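Fold and geometry: a report
Each chain is listed here by its residues.
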Amino acid sequence: MMSNLMNKKVFASRIKTDDVKAKEKWLGYLLGPAGALLLNAVLATYLNVYYTDVLGLTSLWGGAFLAIFPILSKIIDAVTNVVMGYVIDHTKSSQGKARPWLLLSAPMVAVSGVLLFTVPNASSTVQAIWVMVSYNLFYSFAYTIFNMSHCLMVPLSTRNTEQRGSLSVFNQIATIMMSGIIVALIFPMVVMPMLGVDKSKWIMVMSVLSIISLPLILLEYYFTKERVTLENADVDEEKIPYKKLLKAIFTDRYMIIIYVYFLIYTCATVYKNLGLVYFCNYVLGTYNDGKTQTLISVIGGIPMGIGIFAVWPLAKKFGKRNLTAVGFVLYSIGSAICWMFPTNMVIVLIGQFIKNIGGLPCAYVFMALFADVLDHIEWKHNFRVDGIAMSIYNIIAVSTVGIVTGIFNAVLAKCGYVAPYVNKAGEIIAVQTESVKHAITFAFVGLESITGIILAVLLIFLSVEKHIKKEQEEIKTRKAAIEEE
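The sections below set out a description of the structure shown in this document. (Residues numbered from 1 in each chain as written. Predicted model: local features only at pLDDT ≥ 70, side-chain atom pairs only at ≥ 80, totals over all residues. Heavy atoms only, no water.)

**Focus on helix H18 (residues 434-459)**
Owing to its 3.6 residues per turn, the α-helix brings residues three or four apart onto one side. Keep this limit in mind: Only DSSP runs of H or I reaching four residues or more are called helices, and only runs of E reaching two or more are called strands; each is numbered from the N terminus. Multiplying 1.5 Å by the residue count of a helix minus one yields the expected span of that helix. In this scheme, the bend at a residue equals the angle between the axes fitted to the seven residues that finish there and the seven that begin there.
Over its 26 residues, H18 extends 37 Å from the first C-alpha to the last, a length consistent with the 38 Å expected when each residue adds 1.5 Å. Remark: the principal bend of H18, roughly 50°, maps to Ala 443.

Shown next, in the form of structure tokens:
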């Protein structure tokens, strides 16, 4: 059914060229994904704040609800990622195997994004059920379908390593620059002081962000092309057993390194993202003061802006792996500086600048490294593992988000976190104990001081770039020989 639907001209890609051109970069890889990525970035930073500060769910079920429900939800998410990976690998259409699912995800992301915030004013049990259902509709289904399809666009776009690297950079600009500017600058400076703890305002703003994602996801669908998939469009490929696909993935040392790397990096990043707003509200600044988080974000945004022009030329010269490893050393140093002086604005800003300079290579070239590993596995086994590999990648992402969020909320509850409230004078009262502040500080700057060094050491063993061009040429030779037969 999916294949027949995709054969209609109305669903055809607007990209016709064999080489990647500017239109594909700007519309398909930068502007197209910006809506869903922006929504996800806002949720990653503020959804937990909505649950703790607006809905007041921190103490629900003795503090157990916000600690346990994210973890249980991610079990469902992990299952749907496995299923989605299998489905993508077995999807065959004129528009590719991943792109068609972008089309399906567009309305799902928009609708479920709205439902996340329209929690009814009812009993705590009703609210808990609504939160659990809407959370899983968004993360376990809508965003899983979008994100797996979206993340495969770079690996499936082309085998040309330079063009693929360029697309990886544009892909990350959508995440880091557009999402970063709005989430990290406009939200703390303008939006959050306006929203406060007013539920109706939260619903209005988040609904607008959710709806905007729909036409932009469609833009990504129409202005991308799966050239790697289309290489075999006229070939009846052998159905590879699921067990064989998994064996190919988990017997490859490069893919194992990639997964371990991604697990450690994601745990630290999620914990940091959860701690960001709380750190700015209670440790470095005051509640929604409109300036503290903005200053931190500006310092973080400057290196990311520079990185657009600097990272890929440096990666081509020194290697993606080498540049990323050196970056993580700086990443760790910058975080450690912030950890030692968490209440000193000037020192924290200096530390954040150093940290974000170090984080540039990881931010912009990781998907290109992942794509190299996928090609390497194809060279070894003569079949691709894109969908299954991405499902495992996403399982790591979603499961760590759930587990880390649960741990973060459990730590807040254990330390005695108190939700802010409005007094009779209309003022927001937000005060925390020293133990809560220490926990928040470790979340935002402490953990990454440690994981930065671990990741730098781990990357030493990821040498996939050394032979990737030769392996890609051998893959092309094999395909040419099959076509001649």
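**A look at the nonpolar core**
Let me state the cut-off plainly: Grouping buried Ala, Val, Leu, Ile, Met, Phe, Trp, Tyr and Cys residues that are joined through side-chain atoms within 4.5 Å yields what is termed a nonpolar core. Only protein chains enter the accessibility calculation, which uses a 1.4 Å probe. A residue is then buried if its area is under 20% of the maximum for its type, exposed if over 50%, and partly exposed in between. We call two residues in contact when some of their heavy atoms are within 4.5 Å.
Of all hydrophobic cores here, the largest spans 140 residues; its most connected members are Tyr 51, Trp 202, Met 255, Tyr 259 and Phe 370. Ranked by residues supplied to this core, first place goes to helix H12 (residues 253-284) with 18 residues. The residues contacting Tyr 51, other than those within four sequence positions of it, are Gly 56, Leu 57, Leu 66, Phe 69, Leu 116, Val 131 and Tyr 135.

**Observations concerning the packing of helix H4 (residues 65-89) against helix H6 (residues 124-151)**
Definition in use: Angles shown run from 0 to 180 degrees and are taken between the N-to-C directions of axes, each axis being a line fitted to C-alpha atoms and, for helices, limited to the stretch in contact. By definition in this entry, angles of less than 35 degrees are roughly parallel, angles greater than 145 are roughly antiparallel, angles of 65 to 115 are roughly perpendicular, and the rest are oblique. Here a crossing is taken to be left-handed if its near helix is turned anticlockwise relative to the far helix by less than a right angle, and right-handed if that turn runs clockwise.
In contact at an axis separation of 9 Å, H4 and H6 are set at 30° when each is read in the N-to-C sense. Here H4 is positioned roughly parallel relative to H6, judged by the angle of their axes. The chirality of how H4 crosses H6 is right-handed. Counted together, Phe 65, Phe 69, Ser 73, Lys 74, Ile 76, Asp 77, Thr 80, Asn 81, Met 84, Gly 85 and Ile 88 of H4 and Ala 128, Val 131, Met 132, Tyr 135, Asn 136, Tyr 139, Ser 140, Phe 141, Thr 144, Ile 145, Met 148 and Ser 149 of H6 form the full contact between these two elements.

**Details of empty space enclosed by the protein**
One simple way to see leftover space: roll a probe sized like a water molecule over the atoms. The test is simple: Cavity and pocket criteria rest on a 1 Å grid covering protein atoms alone: a 1.4 Å probe that fits but cannot get out defines a cavity, protein on both sides within 12 Å along at least 5 of 7 lines defines an open pocket, and an atom within 4 Å of a point defines a lining residue. Grid points are joined across faces, edges and corners, and a volume is the space filled by probe spheres set on the points. Charged means Asp, Glu, Lys or Arg here, nonpolar means Ala, Val, Leu, Ile, Met, Phe, Trp, Tyr, Cys or Pro, and polar covers whatever is left, Gly included.
Under the criterion given, the structure shown has one cavity of 30 Å³ or more. By volume, the largest cavity amounts to about 90 Å³. Residues that form the lining of the largest cavity fall into these classes: five nonpolar, six polar and two charged.

**Let's talk about the pattern of salt bridges**
We apply this condition: Take a side-chain nitrogen of Lys or Arg and a carboxyl oxygen of Asp or Glu: if they are within 4 Å of each other, that pair is a salt bridge.
Counted by the stated rule, this structure contains 16 salt bridges. With a shortest N-O distance of 2.7 Å, Arg 227 and Glu 24 are connected by a salt bridge. Of the two residues, Arg 227 is situated in helix H10 (residues 227-230) and Glu 24 in helix H2 (residues 22-31); the sequence distance between them amounts to 203 residues. For the pair formed by Arg 227 and Glu 24, the shared burial category is buried. With a closest N to O distance of 3.4 Å, Glu 465 and Lys 320 form a salt bridge.

**Some remarks on the packing of aromatic side chains**
Our working rule: Here a Phe, Tyr or Trp ring, Trp counted by its six-membered ring, pairs with any other such ring whose centre lies within 6.5 Å, and the pair is stacked when the planes are under 30 degrees apart, edge-to-face when over 60, and tilted otherwise. The criterion for a charge sitting over a ring is simple: Lys NZ or Arg CZ within 6 Å of the ring centre, and within 35 degrees of the ring normal.
Per the stated rule, a full pass over the model turns up 34 aromatic pairs. Ring centres of Phe 138 and Tyr 139 lie 4.8 Å apart, and the angle between their planes is 85°; this geometry places the pair in the edge-to-face category. A relative accessible area of 0% means that Phe 138 is categorised as buried. Positioned above the aromatic ring of Tyr 139 is the side chain of Lys 74, whose terminal nitrogen or guanidinium carbon lies 4.1 Å from the ring centre. The ring of Tyr 221 has Arg 99 sitting right over it, with the charged end atom 4.3 Å from the ring centre.

**Focus on the side chain of Ser 112**
So the rule is basically this: Identification of polar contacts relies on pairs of N or O atoms within 3.5 Å, with a donor-acceptor requirement for protein atoms, meaning one able to donate a hydrogen and the other able to accept it, and with residues adjacent in sequence counted only if both atoms are side-chain atoms.
Position of Ser 112 relative to the elements: it lies in helix H5 (residues 99-115). Here the side chain of Ser 112 touches Val 109 through a polar contact of 3.4 Å, landing on its backbone oxygen. Sequence-distant contacts of Ser 112, defined by excluding residues within four places in its chain, comprise Leu 137, Phe 138 and Ala 142.

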